[in-house]
Amino acid sequence: MSDTRIAFIGAGNMAASLIGGLRAQGVPAAAIRASDPGAEQRALIAAEHGIELFADNAEAVAGAEVVVLAVKPQVMKAVCQALAAHLRPEQLIVSIAAGIGCASLEAWLGERPVVRCMPNTPALLRQGVSGLFANARVSAAQRQQAEQLLGAVGLALWLDEERLLDAVTAVSGSGPAYFFLLMEAMTAAGEQLGLPRDTAAQLTLQTALGAARMATESGVDAAELRRRVTSPNGTTEAAINAFQAGGFEALVQQALAAAARRSAELAEQLGR
Ligand SMILES: NC(=O)c1ccc[n+]([C@@H]2O[C@H](COP(=O)([O-])OP(=O)(O)OC[C@H]3O[C@@H](n4cnc5c(N)ncnc54)[C@H](OP(=O)(O)O)[C@@H]3O)[C@@H](O)[C@H]2O)c1
């Protein structure tokens, strides 16, 4: 990746995370360019990462091998239509915008190699996970470039079908919020049981962190880890029974199905 020239269109939160991840992996500042309409934002990113920034998107993409579309989905159509004439056919387009399909991107940009990605917010801490889908025009070398780009901020997983990005959105894209909701609920429940709010919050957060690390680092699956800490007739079993009596698993399924449906609806609206 270190000799690949990359241009970011839009230098907001997600672009800054990716730029930071690439820089941390040793990609030289001279290989990265970005464009953004905000003068303050340009100055901030230039100061933080030492890269060159442009007000004009067309200037940023000149000479780049990979063009990362990192603007909000709502402005993507206008950005692509204005950029199309300035792109070369062999440039890889990587879109991180939620809900904009390859077909829409190709309708606005012309037929090109396109990788669509769905990252999530922990990318800000380089602890993200992304689903990636490549259209048929993407070469093996370009797949590797896209994987390395998203891999700079976490785990990057390929999907064989584009429609599965709705499921990725439901699981990991929106996923951090589900864990935050559980943290809120556990903190409130701890407070109800008499703990000071701060103590309940700290107990909850450190438990979440510890459980996530056990689940990711032990090589043991979550169901088995749960069995190991659930002794018959114990306190954990009492809680799990209460969760399951309330339909916990079915509720999680309904929630994720609702997110996937909404993702498909938004894609349909934004992609027109
Ligand atoms: N944040 C996440 O966790 C996350 C997760 C998955 C996917 N994504 C996707 O990542 C994309 C960027 O999200 P973000 O959170 O980084 O948003 P953001 O912080 O708002 O960044 C977008 C940047 O693009 C700039 N911009 C607006 N119009 C532009 C134009 N015509 N040309 C070039 N740049 C322009 C914006 O400037 P102004 O602010 O001045 O308009 C802003 O600095 C979105 O499509 C989103 O769906 C984000």
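Given the structure is predicted, the values throughout are model-derived calculations rather than measurements.

Chemist: I tried to follow the side chain of Thr-187 on my own but got confused; where do I start?
Modeler: Position of Thr-187 among the secondary structure elements: in helix α8 (residues 175–192). Assessed through its relative accessible area of 6%, Thr-187 is described here as buried. Apart from residues no more than four positions distant in its own chain, Thr-187 is found in contact with Arg-197, Ala-200, Ala-201 and Thr-204.

Chemist: Which parts of the structure should I look at to understand the sheet that holds strand β4 (residues 66–69)?
Modeler: Adjacent strands of a sheet pair through backbone hydrogen bonds, lying either parallel or antiparallel. The 8 strands are arranged β3-β2-β1-β4-β5-β6-β7-β8 in an open sheet whose pairing can be described as mixed. Where the open sheet ends on each side, the last strands, each with one partner, are β3 (52–54) and β8 (154–158). For this sheet the average axis-to-axis angle between neighbouring strands, irrespective of direction, equals 25°. Here helix α7 (residues 164–173) sits on the sheet and contacts β6 (114–118) and β7 (128–134); the angle it forms with β6, its principal contact strand, is near 30°.

Chemist: What is the right way to read the nonpolar core from this model?
Modeler: A general trend in soluble globular proteins is that nonpolar side chains are found buried together. Phe-8, Leu-22, Val-94, Val-115 and Leu-149 are the most contacted members of the largest nonpolar core, which totals 36 residues. Elements with a minimum of two residues in this core: β1 (6–9), α1 (13–24), β2 (32–35), β4, β5 (92–95), β6, β7 and α6 (140–151). Once residues lying within four places of it in the same chain are set aside, the contact partners of Leu-149 are Met-1, Phe-8, Leu-18, Leu-22, Val-68 and Val-94. One finds Cys-80, Ile-93, Ala-97 and Val-114 within the second-largest nonpolar core, a separate group that totals 27 residues.

Chemist: Which parts of the structure should I look at to understand the side chain of Thr-169?
Modeler: Positionally, Thr-169 belongs in helix α7. A polar atom in the side chain of Thr-169 sits 2.7 Å from the backbone oxygen of Leu-165. When residues no more than four places from it in sequence are discounted, the contact partners of Thr-169 are Met-118, Ser-174 and Ser-263.

Chemist: Teacher, can you tell me more about the packing of α7 against α8 here?
Modeler: How two helices pack is summed up by the angle between their axes together with the distance between the axes. Taken N-terminus to C-terminus, the directions of α7 and α8 make an angle of 30°; their axes are 5 Å apart at the nearest point. Classed by the angle they form, the pair α7 and α8 counts as roughly parallel. Residues Ala-170, Val-171, Ser-172 and Gly-173 of α7 touch α8, and the partners they reach there are Gly-175, Pro-176 and Tyr-178.

Chemist: Where do I start with the pairing of β7 in this structure?
Modeler: Within a regular beta strand, the side chains point alternately toward one face of the sheet and then the other, so they alternate between its two faces. Among the 7 residues in β7, 6 count as buried, and that is most of the element. In this structure, β6 lies alongside β7, joined through 4 bridges in antiparallel fashion. Paired with Cys-117 across the bridge in β7 is Leu-132. Bridge count for β7 against β8 is 5 bridges, and the pairing is parallel. Paired with Ser-130 across the two strands is Ala-156, which belongs to β8.

Chemist: I tried to follow the UniProt feature "binding site: NADP(+)" (unreviewed entry) in the protein on my own but got confused; where do I start?
Modeler: Look at the UniProt record and you will see "binding site: NADP(+)" (unreviewed entry) annotated at Ile-9, Gly-10, Ala-11, Gly-12, Asn-13, Met-14, Ala-70, Val-71, Lys-72 and Pro-73. Of the residues just listed, which span 65 residues, no C-alpha pair is farther apart than 14.0 Å, and they cluster in one region. When only the residues just named are considered, the second largest pocket is lined by Gly-10, Ala-11, Gly-12, Asn-13, Met-14, Ala-70, Val-71, Lys-72 and Pro-73. Mapped onto the elements, Ile-9 comes out in strand β1. In this structure, Ile-9 is in contact with Ser-35, Asn-57, Ala-60, Val-61, Val-67, Val-68, Leu-69, Ala-70, Val-71, Val-79 and Leu-83, ignoring residues within four places of it in sequence. In this fold, Gly-10 is placed in the loop between β1 and α1. Given a relative accessible area of 8%, Gly-10 falls into the buried group. Other than its neighbours up to four places away in sequence, Gly-10 contacts Ala-15, Ser-35, Asp-36, Ala-70 and Val-71.

Chemist: Even after reading the chapter, I still don't get helix α2 (residues 39–49), so can you show me in this structure?
Modeler: Given 3.6 residues per turn, any residue in an α-helix points the same way as the ones three and four places further on. Within the sequence span of α2, burial applies to Arg-42, Ile-45 and His-49. With its buried residues spanning 70° around the axis, α2 presents them on a single face. Turned more than 90 degrees off the buried face of α2, the exposed positions are Glu-40, Ala-47 and Glu-48. Of the surrounding secondary structure, the elements contacted by the buried residues of α2 are α1 and β3. Positive backbone phi, at 70°, marks Gly-50, one or two positions downstream of α2.

About the thresholds
Residues numbered from 1 in each chain as written. Predicted model: local features only at pLDDT ≥ 70, side-chain atom pairs only at ≥ 80, totals over all residues. Heavy atoms only, no water. Helix = DSSP H or I, 4+ residues; strand = E, 2+ residues; numbered from the N terminus. Buried < 20%, exposed > 50% of the residue type's maximum accessible area, 1.4 Å probe, protein only. Contact = heavy atoms within 4.5 Å. Pairing = 2+ DSSP bridges. Axes fitted to C-alpha atoms, helices over the stretch in contact; angles between N-to-C directions. Core = buried A, V, L, I, M, F, W, Y, C linked by side-chain atoms within 4.5 Å. Polar contact = N/O pair within 3.5 Å; in protein donor to acceptor, adjacent residues only side chain to side chain. Parallel < 35°, antiparallel > 145°, perpendicular 65-115°, else oblique. UniProt positions renumbered as here; feature names shortened; annotations may be inferred. 1 Å grid on protein atoms, 1.4 Å probe; cavity = no way out; pocket = protein on both sides within 12 Å on 5 of 7 lines; lining within 4 Å. Arc of directions from axis to C-beta.

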